[in-house]
Amino acid sequence: GLTGNKGWTAHWRDPQPKPEYDIVIIGGGGHGLSCAHYLAKEHGITNVAVLEKGYLGGGNVGRNTTIVRANYGLSGNSEFYSHSLKLWEGLEQDLNYNVMLSQRGIINLCHSDGQRDAFIRRGNAMVNQGDDAIFLTPDALQKMLPFLDYEQSRFPIFGGLYHPRGGTARHDAVAWGYARGASSRGVDLIQQCEVTGIDVSEGKVTGVQTTRGPIRAKKVAMMGAGRSSQLAEMAGMRLPVESHVLQAFVTEGLKPCIDHVISYGAGHFYISQSDKGGLVFGGDLDMYASYAARGNLPMVEHVAEAGMTLMPMIGKAKMLRSWGGIMDMSSDGSPIIDRTHIDGLHVSCGWCYGGFKAVPAGGHVMAHLLATGQHHPAAAKFRLDRFRSGRGIMDEEATGSQH
Ligand code: FAD
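Residues numbered from 1 in each chain as written. Predicted model: local features only at pLDDT ≥ 70, side-chain atom pairs only at ≥ 80, totals over all residues. Heavy atoms only, no water.

Caption draft 1: Quick peek at the site of the ligand. If you check the shell around the ligand, you find 39 residues, and the closest are Glu52, Asn60, Val61, Thr65 and Lys357. Contacts to the ligand include Thr66, whose backbone N or O atom sits 3.4 Å from an oxygen atom. Within the backbone of Val195, one N or O atom sits 2.9 Å away from a nitrogen atom of the ligand. Protein coverage of the free-state accessible area of the ligand, which is 1,000 Å², stands at 97%. Take the shell around the ligand: its biggest share by element is 3 residues, from strand β12 (residues 241–253). A breakdown of the residues in the shell around the ligand according to their chemical character gives 17 nonpolar, 16 polar and 6 charged. (Near = heavy atom within 4 Å. Polar contact = N/O pair within 3.5 Å; in protein donor to acceptor, adjacent residues only side chain to side chain. Areas by Shrake-Rupley, 256 points an atom, 1.4 Å probe, with all protein chains shown as cover. Helix = DSSP H or I, 4+ residues; strand = E, 2+ residues; numbered from the N terminus. Nonpolar A, V, L, I, M, F, W, Y, C, P; charged D, E, K, R; others polar.)

Caption draft 2: Summary view of the layout of surface pockets. In this structure, the second largest pocket spans a volume of roughly 620 Å³. Lining the second largest pocket are 25 residues, with Arg170, His171, Ser274, Lys276 and Val280 sitting closest to its centre. Of all the secondary-structure elements, those providing two or more residues to the lining of the second largest pocket are α6 (171–184), β12, β14 (270–273), β15 (278–289) and β16 (319–330). Partitioning the lining of the second largest pocket into residue classes produces 6 nonpolar, 12 polar and 7 charged. (1 Å grid on protein atoms, 1.4 Å probe; cavity = no way out; pocket = protein on both sides within 12 Å on 5 of 7 lines; lining within 4 Å. Points joined across faces, edges and corners; volume = space filled by probe spheres on them.)

Caption draft 3: How the structure looks around the environment of Gly58. Position of Gly58 among the secondary structure elements: in the loop between β2 (48–51) and β3 (67–68). On the basis of relative accessible area, Gly58 is assigned to the partly exposed category, the value being 23%. In this structure, the C-alpha to C-alpha distance between Gly58 and Gly28, residues 30 residues apart in sequence, is 8.3 Å. (Buried < 20%, exposed > 50% of the residue type's maximum accessible area, 1.4 Å probe, protein only.)

Here you go:
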């Protein structure tokens, strides 16, 4: 840091787009970059371009609250997120990059008999999946988290579901590490290149139109997260997805005071402390569809109020800033990773507010699908047709404001 950046080398090449690729990935976020990395590393497919309309990592992958966990309850999600957590655990070695994975443990608080039963059921499902879950009684919780307000009468704390292998990771580093991994193996990462059209001829995708000219491709993967519906529209498709803004907040840096990720089961609030010391927290979506990646004051009040109810001590911290990101909310809260009815056109979307923890597996299974034509067993249920067939994956207990 004191060298004035002298002698630093670029992490990835800055190539001109070629006229044709085997595979074009739309979106240089976490999922697009991860997919490119695994295509090259695991399948030896390197004639690939990732097209990003802004800069790499400028989307939600760099805007989230960095929570990583495998504590889903329903089949479909549980095997997928379990696969992802295992990839997280080997990611720094795989990428030779410090993504600052911190398995500090996640505690989801419960506030009623019914919620406690549901959490214990979910904990059993997690253990059956091979992941870790411990139910904490209020006494055990008080020893670990003495600063919570256990006296509050409106939502008394009945216990917590503890997932020790959950935690956080440094979001930008994840994007940069995957970008370097893909670029160094020959994938072209093309920034400032917005896809404006998807070319389809006789039921088959043939390429894309971009602000840097047309690019032909044998296969195209739409991995645009919050912009997924707009991308699909370019191919004449409608996705079961709505885009909403999700905000997050950070305080001034404090000495270490919150050791875990904590989520409130009765209000829209979750919190962790960053390595710089800031308290990072968030809550629920703005409940109207929007493409404006910025916050608004009613949600600031809503989240701060929930936080103060749960842990009044944070009222002393000064909030430094808030920001927003556009979430591609699927109608059952679970993702879609599938082929479309257009030959060669694939989609990965519906990441909702939980797609950061899914970045390793999301890219890994999409690379598998693109390379082999077969669904990876860990993502076999994320089919587009489940919304027509009624086989939704409504994992409500595990989504909500936990992120
Ligand atoms: P992005 O980084 O958004 O990537 C998509 C990319 O596509 C963007 O860079 C965009 O510019 C590009 N693109 C779009 N359209 C085009 C086009 N036409 N041409 C070219 N490029 C295009 N998840 C968790 O697991 N844990 C959390 O704690 C968590 N907290 C969150 C908190 C907030 C405030 C927000 C906003 C999100 C949070 N999420 C969390 C969700 C997570 O960030 C997203 O689900 C995930 O990052 C989405 O996948 P991505 O990284 O590929 O998206």
